[in-house]
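# Observations on chain architecture
Take a look at the letters that make up each chain.
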Amino acid sequence: IPQAVMSMKDGKWDRKKFMGAELYGKVLGIAGLGRIGKEVATRMQSFGMKTIGYDPITPPEVSASWGVEQMSLEELWPQCDYITVHTPLMPSTTGLLNDASFAKCKKGVKVVNCARGGIIDEAALLRALESGQCGGAGLDVFVEEPPKDRVLVNHPNVISCPHLGASTKEAQARCGRDIALQIVDMATGKALVGAVNAQVLVSTFSPDSHQWIRLGESMGSVLKACTASKQPYSQVHVTSLGESLKKSSGFLSSAAVVGLLTEGPQKGPNLVNALPLAAETGITVQTDHKDSNEREVCVLEVSVNGSSYTAVGSVQAGVPVLLELNGSVFRQPVPLTGHLLFFKASNSTELLLSVTGVLAAAGVLLQSFSASTASSGEQWYCMGISSLLGDIGALKSLAKEAAQLTV
Ligand SMILES: NC(=O)C1=CN([C@@H]2O[C@H](COP(=O)(O)OP(=O)(O)OC[C@H]3O[C@@H](n4cnc5c(N)ncnc54)[C@H](O)[C@@H]3O)[C@@H](O)[C@H]2O)C=CC1
Ligand SMILES: O=C(O)C(=O)COP(=O)(O)O
C-alpha cells in the first residue's frame, strides 16, 4: 500500500505493478507472546491467519486460550509465511532472526519488527532481502535511530516508519495519565508498578525506613562538615548492624552519600542518583551488613586525604541520633536535628565558658549539649544551637576542630 500511495502521488495509475497476497489462510509466527504479541495474534486471526508462536514465559495453555499454538523456534521458522517479533531487546533476543534462522524459513517469508531494533539482525535481513529468502520487511525500529545507513529504508521491499508504534494521541494521553497516577501513588505511599529503581523507592515508604534514611543523610552531613577543609573523599564505607537492617544497607549507603555530597540547600544528589554520582566523582562506596544481637546501628566511615573519619548512629524512639564520632562515644545520644555545632578540645573549666561566650556574642542560644568520653585527653562536644554562627573562626582558636551544620 505505501508503494501504491507513492505512485498515485506521482500521478500514476499502475494497477499491474501492485499485486498483493492474501493474509487469509497464511501462517503468522509470533516471537514474544506478551501484551503486544497477544493483541497482534487476536487481530490477525480476524484476517483468517493461523497464529503460531514462541515465548519462554507465557505458558502454552494460556496462549492457546487466545488461539496461538506454541512451539520451539526451530519448529516455528519453517512454517511461517509471516514473522513478527514482540520481545524486549536483550542478549537472548538480539539477532533472534539472523542468517541461520532466515535459512530455516520458507523462501519469501515476510518479517515485521516494531519492537526493538536489532531483534531482527539488520545485516542478515539485508542479505535475505537481496537473495529473495525474505520477501519483504516492515520496520518501525532500528539499531540506530534515526538510521544513518539508509540501505534497508531505501530497499524496495521494505516499508518503514520512524518508531511510531506508540505515537497515537490516545496512547500518549494514556502514558501521561499513567505517569501522573504513578506520581500520586508514590506521594501517597502506594506501591509502584514498573519502577526501575523500585528497591530504593519501596524501602523509602515505611515510616521506619524514613528515619534510617534521615539518619544516613545526617551522618553524611556531619562527616562532611567535619572534613570540610580536607575533601575530596576517596572511600565511603557503610556498615549496618542488627538483623532488621539487613535489607536497609543499600539505601543507607545511598543516604549517607547524599549527605556527603549535598552542597547547600539546593536539590542535588538524591537516593536514586547518589551512588552513580559518587562513582563519577571517583568515590568508592562499600556497603556491608553484620548481623548482631545488639541494637541496630549504622557505621559510616569516610577516607579523605589519607585520614579516616567515622560516625556511628542509630534511630531511637523514632529520632535519628549520633552515638559516636571518630571513636569518641557521646554520653548522651545526640539527636540529629536542627542547627548543630561540633567541636573537639581538651576538657577544661574555661572551655565551655569561652564557647558559650562566643555564642552569646553572636546572639546564638544554646539549646542542648552533649559531650563524649575522653580519648587521648580530648573530647568531642555537640551543641544544639538556635542558628548557625556567622563566623566559626572564633571557635577555631578555642578548639582543635570545629564544624557546624543544619540537618
Ligand atoms: N515501536 C514502538 O513504538 C513500541 C515498541 N514496543 C516494544 O514492543 C516489545 C513488546 O512489548 P510488550 O508486549 O509490551 O512487552 P511484554 O513484556 O508484555 O512482552 C514481551 C514478551 O517477550 C517474551 N520474551 C522474552 N524473551 C523471549 C525470547 N527469547 N523469545 C520469545 N519471547 C521472548 C517475554 O516472555 C514476554 O512475554 C517491547 O520490546 C517494547 O519495547 C512497545 C510499544 C511501542
Ligand atoms: O513504548 C515503547 O516501548 C516505545 O517504543 C515507544 O517509544 P516512544 O515512547 O514513543 O519513544
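Okay, so let's go over this structure. (Residues numbered from 1 in each chain as written. Chains lettered and ligands numbered in written order. Predicted model: local features only at pLDDT ≥ 70, side-chain atom pairs only at ≥ 80, totals over all residues. Heavy atoms only, no water.)

### Points about the site of ligand 1
The local shell around ligand 1 holds 24 residues, among which Arg35, Ile36, Asp55, Thr87 and Asp140 are the closest. At 2.9 Å from a nitrogen atom of ligand 1 is found a side-chain nitrogen or oxygen belonging to Asp140. His163 places a polar side-chain atom, nitrogen or oxygen, 3.2 Å from an oxygen atom of ligand 1. Split by residue class, the shell around ligand 1 holds 11 nonpolar, 9 polar and 4 charged. (Near = heavy atom within 4 Å. Polar contact = N/O pair within 3.5 Å; in protein donor to acceptor, adjacent residues only side chain to side chain. Nonpolar A, V, L, I, M, F, W, Y, C, P; charged D, E, K, R; others polar.)

### Focus: the sheet that holds strand S12 (residues 319-325)
A sheet is described by the order of its strands in space; here 6 strands give the open sequence S9-S8-S10-S11-S12-S13, paired in mixed fashion. Each having just a single partner strand, strand S9 (284-290) and strand S13 (328-335) make up the two edges of the open sheet. Averaged over all pairs of adjacent strands, the angle between their axes in this sheet comes to 20 degrees, without regard to strand direction. (Pairing = 2+ DSSP bridges. Helix = DSSP H or I, 4+ residues; strand = E, 2+ residues; numbered from the N terminus. Axes fitted to C-alpha atoms, helices over the stretch in contact; angles between N-to-C directions.)

### Details of a nonpolar patch on the surface
Where nonpolar side chains cluster on the molecular surface, the patch consists of Leu352, Leu366 and Phe369 and spans about 230 Å² of accessible area. Considering the arrangement of structural elements, one finds Leu352 in helix H12 (residues 349-361). (Patch = residues over 30% accessible without salt bridge, like charges linked within 9 Å, V, L, I, M, F, W, Y side chains within 5 Å. Areas by Shrake-Rupley, 256 points an atom, 1.4 Å probe, with all protein chains shown as cover. Salt bridge = Lys/Arg side-chain N within 4 Å of Asp/Glu carboxyl O.)

### Here's the deal with the sheet that holds strand S16 (residues 378-385)
Spatially, S15-S16-S14-S17 is the arrangement adopted by the 4 strands of the open sheet, whose pairing is antiparallel. Each end of this open sheet is capped by a strand with a single partner; those strands are strand S15 (366-371) and strand S17 (401-406). For this sheet, the mean inter-axis angle between neighbouring strands, taken without regard to orientation, is 20 degrees. Across 8 bridges, the pairing between strand S14 (residues 339-346) and S16 is antiparallel. By the bridge assignment for S16, Ser346 is matched with Glu378.

### Comments concerning the site of ligand 2
Near ligand 2, the surroundings consist of Arg116, His163 and Ala166. Here an oxygen atom of ligand 2 and a side-chain polar atom of Arg116 are 2.8 Å apart. Take His163: an N or O atom from its side chain is 2.6 Å from an oxygen atom of ligand 2. Summarising the interface, the protein chains cover 43% of the accessible area of ligand 2, which totals 320 Å² for the free molecule.

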